Amino acid sequence: MKKNTWKKLMSLALGAMMMLSLLTGCGSKTEDSAPADSTPAEETPAEPAAAASLLEKVKTSGKLVVGTEAQYAPYEFKDLNASFAGCDMWLAQQIADHLGVELEVVDMSFDGIIPAVKSGQVDLGIAAFTKTPERAEEIDFSDLYEKSAQLLIVKAGNADLYSTKESLAGQKVGAQKGTIQSQLIQTALPDSELFELEKYPALALEVQNGNIAGLVVDQAVGESLIATSNGGLEVSNFAFTSEEASFGKAVVAAKGSEDLLAEVNTVINQVVNDGSYLKAYDEAVELAASMGL
């Protein structure tokens, strides 16, 4: 083969390789210029769906979930069939019926109900809640459906012994943990020592055994504790002033639940005005007494 011919072949081969290299480079550059995650100009992000209100959630799910603490007869307790009973549970059923949904009740510790309401674990809290400014900072209240006097329950024979704030100074006075009664003891009996337990029956035993001077409780519950104490408890002759203990009970809901609370208030106003709540209260007192609660 002639030298010139060989040179020509080598030149052609080198030219072909350069062309191939250029084509490959162009291809890479085209891919880099169009990133995979780029969004075409004509496309716009979808708007987030508006959150459903609590009332809409309840109606869509077909059930109303209510948190309570079922050891507070006559407001909330369990009957001989282990079914929820009491005037508060009656009220919960009226609200569910009004909304056209099923009622689901969740039994929990009293001081866990407000957190459960705030987190959405339950829709409403119905457990003889007293309406206070402090609680109103965390949750919303319905209209009041009942008012109750506060009693100091003491061991039988001590009604006169513990009848003044001075006589209770330095003494342990009990209340259920997380209740308005705990706050009442701290504000109205500042020289007494607050003693808290989860359940009132356990507090009643502490009083009967002489471990604490007494316990503070709603009138109806206190009377039930006395009735089932076999003569071991009585009402102290001590009385809170109306300024200290003018309490009213209401349903609690998470902040921003105005639509659901409007329906709750419709039911409350009806059952209070027509006397049906008071009737349910009286029936609950009788049932609790027959069960020894």
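In this section: the pattern of salt bridges. Applying the stated rule across the entire model yields 9 salt bridges. Lys57 is paired through a salt bridge with Asp123; the nearest N and O atoms lie 2.9 Å apart. Pair noted here: Lys57 is in helix α2 (residues 54-61) and Asp123 is in the loop between α4 (113-119) and β5 (124-130), with a separation of 66 residues, a long-range link. Among the ionic pairs, Lys199 bridges to Glu69, the shortest N-O distance being 2.8 Å. Taken as a pair, Lys199 in the loop between β10 (193-197) and α8 (200-208) and Glu69 in the loop between β1 (63-68) and β2 (77-78) lie far apart in primary sequence, 130 residues in all. Overall, Lys199 belongs to the partly exposed group, its relative accessible area being 26%. Several salt bridges share partner residues, and in doing so they unite Glu146, Asp218 and Lys249 into one network.

Turning to helix α3 (residues 87-99), a few remarks are in order. With 13 residues, α3 extends 19 Å from end C-alpha to end C-alpha; this agrees with the ideal 18 Å at 1.5 Å per step. All buried positions along α3 are accounted for by Cys87, Asp88, Met89, Leu91, Ala92, Ile95, Ala96 and Leu99.

Okay, the side chain of Ser148 next. Relative to the helices and strands, Ser148 is located in strand β7 (residues 146-148). The class of Ser148 is buried, set by a relative accessible area of 9%. There is a polar contact of 3.3 Å between the side chain of Ser148 and the backbone nitrogen of Gln219. Beyond its immediate sequence surroundings of up to four residues, Ser148 is in contact with Tyr75, Asp218, Gln219, Ala220, Phe247 and Lys249.

Ranked by internal contacts, the top residues of the largest apolar core, which has 64 residues, are Leu64, Tyr75, Leu91, Ile95, Leu124 and Leu215. What Leu124 contacts, discounting residues up to four positions off in sequence, is Leu64, Val65, Val66, Gly67, Ile95, Val117, Val251, Val252, Ala253, Leu260 and Val264. Listed in part, the 15 residues of the second largest apolar core include Phe110, Ile113, Ala127 and Ala250.

Moving on, we come to the environment of Leu144. Structurally, Leu144 is set in the loop between β6 (140-141) and β7. Each C-alpha atom, one on Leu144 and one on Phe129, is 9.7 Å from the other, the two residues being 15 residues apart in sequence. Sequence-distant contacts of Leu144, that is, excluding residues within four places in its chain, are made with Lys131, Gly248, Lys249, Ala250, Ile268 and Val272.

So, about helix α10 (residues 258-273). Counted at 1.5 Å a residue, the expected span for α10 with its 16 residues is 22 Å, and the 22 Å between its end C-alpha atoms agrees. Along α10, the residues classified as buried are Leu260, Leu261, Val264, Asn265, Val267, Ile268 and Val271. Burial along α10 is one-sided: seen end-on, the buried residues are contained in an arc of 165°. Turned more than 90 degrees away from the buried face of α10 sit Glu258, Gln270 and Asn273, all of them exposed. Directly after α10, the chain includes Gly275, whose backbone phi takes a positive value near 85°.

Of all 6 residues that make up strand β8 (residues 150-155), 5 are buried, and the element is covered over most of its length. Both β8 and strand β11 (residues 214-218) contribute to a ladder of 5 bridges, which runs antiparallel. Across the sheet, the residue bridging to Ile153 is Leu215, located in β11. Pairing geometry for β8 and strand β12 (residues 233-235), over 3 bridges, is antiparallel. If you follow Val154 over to β12, its bridge partner there is Glu234.

About the cut-offs
- Residues numbered from 1 in each chain as written.
- Predicted model: local features only at pLDDT ≥ 70, side-chain atom pairs only at ≥ 80, totals over all residues.
- Heavy atoms only, no water.
- Salt bridge = Lys/Arg side-chain N within 4 Å of Asp/Glu carboxyl O.
- Helix = DSSP H or I, 4+ residues; strand = E, 2+ residues; numbered from the N terminus.
- Buried < 20%, exposed > 50% of the residue type's maximum accessible area, 1.4 Å probe, protein only.
- Expected span 1.5 Å × (residues − 1).
- Polar contact = N/O pair within 3.5 Å; in protein donor to acceptor, adjacent residues only side chain to side chain.
- Contact = heavy atoms within 4.5 Å.
- Core = buried A, V, L, I, M, F, W, Y, C linked by side-chain atoms within 4.5 Å.
- Arc of directions from axis to C-beta.
- Pairing = 2+ DSSP bridges.

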